[in-house]
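Take a look at the letters that make up each chain.
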Amino acid sequence: MAKKEKSTKPVEEKQDQATDQVKAKSDQAKTKPTADDQVTILKAQIEKLQADVSTKDDQYLRAEAEIQNMTKRFNKERESLLKYDGQDLVKGILPVLDNLKRALQIEVSDDAGKQLKKGIQMVHDHLEQALKEHGVTEIEALNKPFDPQTSQAVQTVPVEDGQKPETVVKVLQAGYMLKDRVMRPAMVIVAQ
């Protein structure tokens, strides 16, 4: 970022002129500079120093503002990273949760199959609970108005008795959100 600096050249020229005048007078008179001449030189030096201080103050204030802006931007980015920490892990776990749900839909009749299904149910429930504790929730879409922000319509069917148009009638694949961010939209069938 380019910094604008105030020009101190007029002040420097003024000081140089005052010094030159004093030297010229002293050369002509071959005497020491008078008190008025010294005052003129000192005034020119004071003006130059004041201009330098003003320039440095301006540079300092600009640098301070830039540091504050960078700090705010850094804090905002850090908060965002912490808020959505683990989203890649969530995306990797969702297919596992889908497979557990598919396994639970299988009908079993023998005792060994029932025991296996009970174990799968326990794993499914623990996994869902762990996801909920970390802000991952399933998108409730069934029998709700279709929302393109959270759902993806893969098929439409005609409206039947008791159904409203633009309503989700079947969820083919559950969708999930991490806090307020959609991790995966629900794949749904919509009545039209």
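Values in this document were obtained by computation on a predicted structure and should not be read as measured data. (Residues numbered from 1 in each chain as written. Predicted model: local features only at pLDDT ≥ 70, side-chain atom pairs only at ≥ 80, totals over all residues. Heavy atoms only, no water.)

*Asks:* It is not clear to me how helix α4 (residues 111–133) should be interpreted in this structure. Could you clarify?
*Replies:* Given 3.6 residues per helical turn, the α-helix brings residues three or four places apart onto the same face. For α4, spanning 23 residues, the distance from its first C-alpha to its last is 33 Å, which sits close to the expected 33 Å at 1.5 Å a residue. The set of residues buried in α4 consists of G113, I120, H124, L127 and L131. Contact partners of the buried residues in α4: α3 (87–104) and β1 (136–138). One or two residues past the end of α4 sits G135, with phi positive at roughly 85°. (Helix = DSSP H or I, 4+ residues; strand = E, 2+ residues; numbered from the N terminus. Expected span 1.5 Å × (residues − 1). Buried < 20%, exposed > 50% of the residue type's maximum accessible area, 1.4 Å probe, protein only. Contact = heavy atoms within 4.5 Å.)

*Asks:* Help me out: how do you make sense of the pattern of salt bridges in this one?
*Replies:* It is possible for side chains bearing opposite charge to pair when their charged atoms get close. Scanning the model with the defined rule gives five salt bridges in all. We note a salt bridge from D52 to K48, for which the minimum N-O separation is 3.7 Å. Pair noted here: D52 and K48 are both in helix α2 (residues 35–83), with a separation of four residues, about one helical turn. E138 serves as the salt-bridge partner of K101, at 3.1 Å between the closest nitrogen and oxygen. (Salt bridge = Lys/Arg side-chain N within 4 Å of Asp/Glu carboxyl O.)

*Asks:* Got a minute to help me understand the confidence of the model for the protein in this structure?
*Replies:* Close reading of the predicted structure is inappropriate where its pLDDT is low. The predicted model of the protein has a mean per-residue pLDDT of 85, with 83% of residues at 70 or higher. Below a pLDDT of 50 lies the segment residues 1–6, which in the model reaches eight contacts outside its immediate sequence neighbourhood of four places, other chains included. (pLDDT = per-residue confidence, 0-100.)

*Asks:* Looking at this structure, how should I read the sheet that holds strand β3 (residues 167–173)?
*Replies:* One open sheet holds the three strands; their spatial order is β2-β6-β3, and the pairing between them is mixed. Unpaired on one side and paired on the other, β2 (151–157) and β3 mark the two borders of the sheet. Taking the axes of each pair of neighbouring strands and ignoring which way they run, one obtains an average angle of 35° across the sheet. Relative to strand β6 (residues 186–191), β2 runs parallel, the two sharing six bridges. Counted as the bridge partner of S151 is A186 from β6. (Pairing = 2+ DSSP bridges. Axes fitted to C-alpha atoms, helices over the stretch in contact; angles between N-to-C directions.)

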